Amino acid sequence: MTAGTAVTPTIEETTWAAASDRRPWLGLGLLGGSVAFTLAVLIFFGAWFADSRIETRASASGLASDGSTVTSDGEWWEDGLIAVCPVH
Amino acid sequence: MIDRFLPEGHTIRHYAWLIVFVASAAQMLGAAIRMAFGVLINPLEESFGWSPGAIGLAYAWMSISTALLSPIAGSLSSRIGARKTMMAGVVLFFAGMMWTSQVTSLWQFYLAYGLLFGTAQALFLVPAVPAIAAWFRRHLGMAMGFAMVSWSLGPALMVQVMAVLLETYGWSQTMVITGVAGSVLLGGLLFLFRDTPEQAGKQAYGWRPGDAPLVTSGAHFRSNSKRFQGAVYRTNGFWNLINIHFLGCVGHAVILVGIVPMAVNRGVSFPVAAGVLTTIAATSIVSRFLTPILGDRIGAKGTMFWSFFGQGALVLLLLFADSAVEFYIFAVVWAIPYGGEGTVFPVINRKYYGHVPMGPTYGWQLLGAGLGMALGGVMPGMVFDITGAYTWAIWLSAAFSLTGAFAIVLLEPTRRLLIPNWENLHASAGDGRAESAATAPAPVVGPVAGMSD
C-alpha cells in the first residue's frame, strides 16, 4: 500500500463497522425497565412489611387500645421504605 | 457399536462428548451441593443453635457471590481457558468445603460457604457451557440437552447421598467427604478436558468442509476477541437476554422455594408436599433435554417464548390448588415449561453470534439468572410474612415470567448473525492458525440432511 492510495473496506470490515456503531437502546431500556419494576415491587412490599411491623409494635404497646391514632417510632429502614413508597 | 443406534451422521466416538460429560459432571456437583443446602440446616441448628434464618443467609450470600462473579469467570475462561478456570474453581471448592467442615461461628460459615464456595461455583459452572458450545459446530441443541439434564439429576441423587452421610457421619465429616470426593473426581476429569477442538488438534462436532474454524489462540484472536466482545455489548440481544434470564429465574425461584410451604399452608402434609418438589425436578428432566434440541431445530426464539409463557400462565393453577392431587398435577404440568425455560440460552447465543468463544456473554447472562434466583427465593417468605398467604407470590411469579415472554418477542430474529461476517473476518485475516486448522483431520461427523445449523 502506498501513501495517498484510497483503501476500500472489505465487506467484512463494512458489516463489522456497522455492528460496532450500533447503540442497544431497546435492550438497555428493557433491562432498565425490569430493574425499575423489581425495585417498585421490593419498595411496595417492603413498605407494607414496615407498616405492619410499626402497627404491631403500636398495638403491643397499647397505643391503639384507647381508640387513638396508632403511632409508633419506626426504625430507619421502616421510615425510609414508607417515605419512598407512594401508596403507603 | 452404539453408533448403529444413533441417527445418521452422529457418532459417540468424538472427543466432544467427553467434554459434554466432564462439563455435566461439574454442573452436577455444583447444582447438587447448592440444592443439598436444605439438608444442612437442621444439623447446623442442632450443633450451634443458629436460627434457620441466619443459616439461610449463607445460601443467599453464596447465590449473590456466584451471580456477581459470573461475568468475571466468563471473561477469565476466555482469557486463560475454561480448563484452568475450572481447575481454580475446584481448588476453591475444596478449600471452601474443608473450611465449612471446621467452622465454629456464623461469620466463618458465611465466608466459607457464602463467599468461597460461591466463588468456586462461578469458576467451575460458568466456563462449562461455553466450552461445550466451542466443541459443537452443529447439533449444539442435543449437546446442551444432555448437559442440562445434569442440573436435575445432580440434586436428585446428591440430596439423598448427603442425607445418608449426615445421618451416618455428622455434618462436619460429610463436608470433608463431599469436598474430597468432589475435588478428586472433578480434578481428575479436568485432566481429560480440552478447551477447544483446536487445542486438542480436532474439529468441532458437526464440522463440514468449508466451515470457518473456531480460532481461539494467537495474537490475532486476542486482538479481535476484544473487538468482537465490544460489538456484542452493542447488540440489543445481549442486554435483553440478561434481562430475560433474570425475569425467568425470578418466576421459577418463587415456586421452587415456595411450593412446599404453599402446599403445607393448604393442608398438605410435609412429606407429601416435599414430593411435589421432587416431582417438579424429575419431570423437568424431560424438557431440559428436549427444549434445546427443539430450539436448535425449529427456532430458539419461539421455543424460548413458549417456555416462558407456559411457566407464567400455568403457575396460576396454584391459585386453585387445594389438595395434594391438585399440587401434583400442577407439578407435572408446570415442570415442562420450567425445565425448558433456561436451557435455550446457549442455543440462541449460537444463532446470534455464531461459533465464537461465548464465555463473557454467557457469564453476564448467568449474572441475571443468579440475581433473579436470589430475589425470587426471598419473595415467597416475604410475601407470606406480610399477607399471611402466598397469593401475591403466585401473581408476582406469573408477572415476572410473562414479562420475560414479552421481552422475548422483542428479541431480534435468529435467522441471521447479529455481528455478520465475524467468522469470515477471523478466518481470512488469520495469523496462519486459521489455515492450519482448516487442514486439520477431517471431521468425524458428516452433513446431516434437515438438521439446522
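For clarity, every value in this text was computed on a predicted model and none was experimentally measured.

Asker: Before we move on, could you go through the overall build of chain A and cite the residues and values that matter?
Answerer: Each helix and strand in chain A was counted, giving 3 helices and 0 strands. If you list the helices and strands of chain A from N to C, you get α-α-α. Residues counted as buried form 20% of the 88 residues belonging to chain A. Within chain A, counting contacts between residues at least 6 apart in sequence, those at least 24 apart form 56% of the total.

Asker: Could you give an account of the overall build of chain B, naming the residues involved and the relevant values?
Answerer: Secondary structure assignment for chain B yields 17 helices and 0 strands. Nonlocal contacts in chain B, meaning residues at least 24 apart in sequence, comprise 84% of its contacts between residues at least 6 apart. Counting every atom, chain B has about 17600 Å² of accessible surface; 69% of that belongs to carbon and sulfur.

Asker: Please give an account of helix α2 (residues 38-48) of chain B that cites residues and values.
Answerer: Because each turn of an α-helix spans 3.6 residues, side chains separated by three or four positions end up pointing in the same direction. Residues and elements named next belong to chain B. Looking at α2, one finds that the buried residues are L40, P43 and L44. Axial view of α2: buried residues confined to an arc of 100 degrees, hence all on one face. Tucked into the core, α2 has its buried residues touching α3 (52-80), α5 (106-125) and α7 (140-190). Once α2 finishes, G49 follows within two positions and takes phi at roughly 75 degrees, a positive value.

Asker: Go over the packing of aromatic side chains with me, naming the residues and quoting the values.
Answerer: Residue and element names in this part refer to chain B. For the structure on display, the rule yields 31 aromatic pairs over all chains. Centroid distance F93 to F124: 5.9 Å. Interplanar angle 80 degrees. Geometry classified as edge-to-face. Separated by 31 residues along the polypeptide, F93 in helix α4 (residues 82-102) and F124 in helix α5 bring together distant segments of the chain. The pair formed by F93 and F124 is uniform in burial state, with each residue classed as buried. Between F305 and W306, the aromatic rings sit 5.1 Å apart at their centres with planes inclined by 80 degrees, giving edge-to-face as the arrangement. Through a chain of ring-to-ring contacts, the aromatic side chains of F48, W50, F93, F109, Y113, F117, F124 and W171 assemble into a single cluster.

Asker: Let's hear about the confidence of the model for chain A: which residues, and what values?
Answerer: When pLDDT is averaged along chain A, the result is 75, and 62% of the positions lie at 70 or above. When pLDDT is averaged over each helix and strand of chain A, the minimum, 53, is found for helix α1 (residues 11-21) of chain A and the maximum, 91, for helix α2 (residues 25-60) of chain A.

Asker: Any chance you could break down the pattern of salt bridges for me, citing the residues and the numbers?
Answerer: Note that side chains of opposite charge can pair when their charged atoms are close. Under the counting rule described, the total for this entry stands at 4 salt bridges over all chains. Where R53 of chain A meets E78 of chain A, a salt bridge forms, and the shortest distance between an N and an O atom there is 2.5 Å. Here R53 of chain A is found in helix α2, whereas its partner E78 of chain A is found in helix α3 (residues 76-84), with 25 residues between them in sequence. Its relative accessible area of 28% is what places R53 of chain A among the partly exposed residues. Residue classification places E78 of chain A among the buried residues on the basis of a relative accessible area of 0%. The salt bridge partner of K351 of chain B is D296 of chain B, with a shortest N-O separation of 3.5 Å. Here the residue K351 of chain B occupies a position in helix α13 (residues 345-353), and D296 of chain B occupies one in helix α10 (residues 270-298), the gap between them amounting to 55 residues. The exposure class of K351 of chain B is buried, given its relative accessible area of 16%.

Asker: Tell me about the nonpolar core, and name the residues and values.
Answerer: Residues and elements named next belong to chain B. Core analysis: the largest hydrophobic core is formed by 93 residues, its most contacted members being I33, F109, I132, F136, I244, M304 and Y353. With 14 residues, the single largest contributor to this core is α7. In this structure, this core is formed jointly by two domains, domain 1 (12-198) and domain 2 (234-419), each of which donates at least three residues. Those residues within four positions of F136 in sequence are excluded, and the remaining contacts are A16, W17, V20, A143, A204, Y205, R350 and H355.

About the thresholds
- Residues numbered from 1 in each chain as written.
- Chains lettered and ligands numbered in written order.
- Predicted model: local features only at pLDDT ≥ 70, side-chain atom pairs only at ≥ 80, totals over all residues.
- Heavy atoms only, no water.
- Helix = DSSP H or I, 4+ residues; strand = E, 2+ residues; numbered from the N terminus.
- Buried < 20%, exposed > 50% of the residue type's maximum accessible area, 1.4 Å probe, protein only.
- Contact = heavy atoms within 4.5 Å.
- Areas by Shrake-Rupley, 256 points an atom, 1.4 Å probe, with all protein chains shown as cover.
- Arc of directions from axis to C-beta.
- Phe/Tyr/Trp six-rings, centres within 6.5 Å; stacked < 30°, edge-to-face > 60°.
- pLDDT = per-residue confidence, 0-100.
- Salt bridge = Lys/Arg side-chain N within 4 Å of Asp/Glu carboxyl O.
- Core = buried A, V, L, I, M, F, W, Y, C linked by side-chain atoms within 4.5 Å.
- Domains from an automatic or database assignment.

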